[in-house]
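Residue-level structure breakdown
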Amino acid sequence: MSALFEPLKLGNIQLKNRVIMAPLTRCRATEDNVPTELMATYYGQRAEAGLIIAEATMVMPGNSAFYREPGIHSNEQVAAWKKVTERVHQNGGKIVLQLWHGGRACHPILNDGNTPVAPSALAINGSVHTPEGKKEYVIPQALNRADIPAIVEGFVKAAINAKAANFDGIEIHGANGYLIDEFLRDSANIRDDNYGGSLENRSRLLFEILEGVINVWDSGNVGLRVSPMNSSNSMRDSDPEGLTAYLAKRLNEYELAYFHVMRADFLQKQQGDVLSVASKLYQGNIISNMGYDYTEAEDDVMNGKVAAVAFGSAFIANPDLPSRFKLGLDLATPNPKTFYTHDGHGYTDYPRAQV
Ligand SMILES: Cc1cc2nc3c(=O)[nH]c(=O)nc-3n(C[C@H](O)[C@H](O)[C@H](O)COP(=O)(O)O)c2cc1C
């Protein structure tokens, strides 16, 4: 019996297997950031996953970092997400929603000309695709202390909305250089108030958000994703392993559904083993991600290093990924050209394997 196909209880969420679909932004919502029927089809096709972590979703308006990514701040969005969760549940799956604030990755062109906010006035080095072509990231406005409670409140309202949309839980997006991660890592946070400097201060926003959302959901329905190693969006930390250790120890007090650790660097500029640190110190369930194949995932679960493994790109081209693993079938290769386009091509038209 494969370890990846052992059932698993993540807090209050019972999974049929440990093959998790990683959150994947695919830009198939409407221009008003409302989920579409196409998204219901796409997620419904992937319900074989033990758990689907639905894509980064705006907790409040005015924080678009892509184009046509979804939100969960209006009644219309909640109604549309309900159709997605219904489809996944009908097909026997479980689905949580990744709650997200894009921070300095948001662009004025996508947000009525408004300057994005971040812990400090430091821009991402690079450019972003907008409807007006490629544009350089802008220098964000450093958040005033007085404006931080409204951000926490945004996550709390989004958590309430995710419940109304019948998700099985929520994942707080603390990864990949977006707002929470910008506070966590010292390359993006040079504040000198009690939200910057020490690990305690840099993680203050994260824990305020966690405290807020566990008043809405039981902590056993809440997960957290971090990427202490990932250097995309100009991110770095002077001590990723120290940051991971600090978070792992503090998170033990929360009894979350899971701690989701991106173990490596997308851009492979930084080396380090944050997963081993998390695995040693965190007492709950760890979901690991990045660059796994079936064999390595199986080994890490079998050895008890992690509870489950999330697969990103493999789920794009293989809606039936768990079956393919189980039957030892070849995997289809995803086409990066259609990752962020807006129709069904390269989205809902990847077939199941012929057996
Ligand atoms: C098209 C695409 C969109 C992504 N969107 C998100 C996202 O919305 N939230 C997130 O936390 N990570 C996102 N990621 C990262 C993936 O969740 C995952 O970490 C990454 O693909 C590495 O896992 P893999 O090696 O199994 O593909 C995205 C990755 C890709 C390729």
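This text goes with the structure placed above it.
In what follows, the accompanying structure is described. (Residues numbered from 1 in each chain as written. Predicted model: local features only at pLDDT ≥ 70, side-chain atom pairs only at ≥ 80, totals over all residues.)

**Focus on the overall build of the protein chain**
- Looking only at helices and strands, the protein chain has eleven helices and 14 strands in total.
- Taking 2.2 N^0.38 as the reference for a compact globule, 355 residues should give roughly 20 Å; the C-alpha atoms of the protein chain span a radius of gyration of 19 Å, in line with that estimate.
- In terms of overall dimensions, the protein chain has a C-alpha envelope of 60 × 45 × 40 Å along the principal axes.
- Relative to its full complement of 355 residues, the protein chain shows a buried share of 51%.
- In the protein chain, the share of contacts with a sequence separation of at least 24, taken over all contacts with a separation of at least 6, comes to 73%. (Helix = DSSP H or I, 4+ residues; strand = E, 2+ residues; numbered from the N terminus. Rg over C-alpha atoms; globule rule 2.2 N^0.38 Å. Buried ≥ 20, exposed ≤ 12 C-beta atoms within 10 Å, placed from the backbone. Contact = placed C-beta atoms within 7 Å.)

**Re the site of the ligand**
- Not every one of the 21 residues close to the ligand is listed here, only the nearest: Ala22, Thr25, Ala56, Gly312 and Ser313.
- Looking at the shell around the ligand, the elements that each hand over two or more residues are strand 4 (51-58) and helix 10 (313-317).
- Partitioning the shell around the ligand into residue classes produces eleven nonpolar, eight polar and two charged. (Near = placed C-beta within 6 Å. Nonpolar A, V, L, I, M, F, W, Y, C, P; charged D, E, K, R; others polar.)

**So, the packing of helix 7 (residues 240-251) against helix 8 (residues 274-281)**
- Where helix 7 meets helix 8, the axes come as close as 9 Å, and the angle between the chain directions of the two elements is 25 degrees. Classed by the angle they form, the pair helix 7 and helix 8 counts as roughly parallel. Once helix 7 is placed against helix 8, the crossing between them reads as right-handed. Contact residues: Pro240, Glu241, Thr244, Ala245, Ala248 and Lys249 in helix 7; Val274, Val277, Ala278 and Leu281 in helix 8. (Axes fitted to C-alpha atoms, helices over the stretch in contact; angles between N-to-C directions. Parallel < 35°, antiparallel > 145°, perpendicular 65-115°, else oblique. Left-handed = near helix turned anticlockwise from the far one by under 90°.)

**Some words on the nonpolar core**
- In this structure, Ile20, Leu99, Ile170, Val213, Phe259, Val309 and Phe311 are the most contacted members of the largest nonpolar core, which totals 104 residues.
- Element by element, the count of residues in this core is highest for strand 4, at six residues.
- Setting aside residues no more than four positions away along its own chain, Val309 makes contact with Arg18, Ile20, Ile287, Ser288, Asn289, Tyr292, Ala297, Asp300 and Val301. (Core = buried A, V, L, I, M, F, W, Y, C linked by C-beta atoms within 7 Å.)

**Here's the deal with the environment of Val309**
- On the secondary structure map, Val309 appears in strand 14 (residues 308-311).
- Each C-alpha atom of the pair Val309 and Lys337 lies 25 Å from the other, and the pair is 28 residues apart in sequence.

By themselves these figures say nothing about function.
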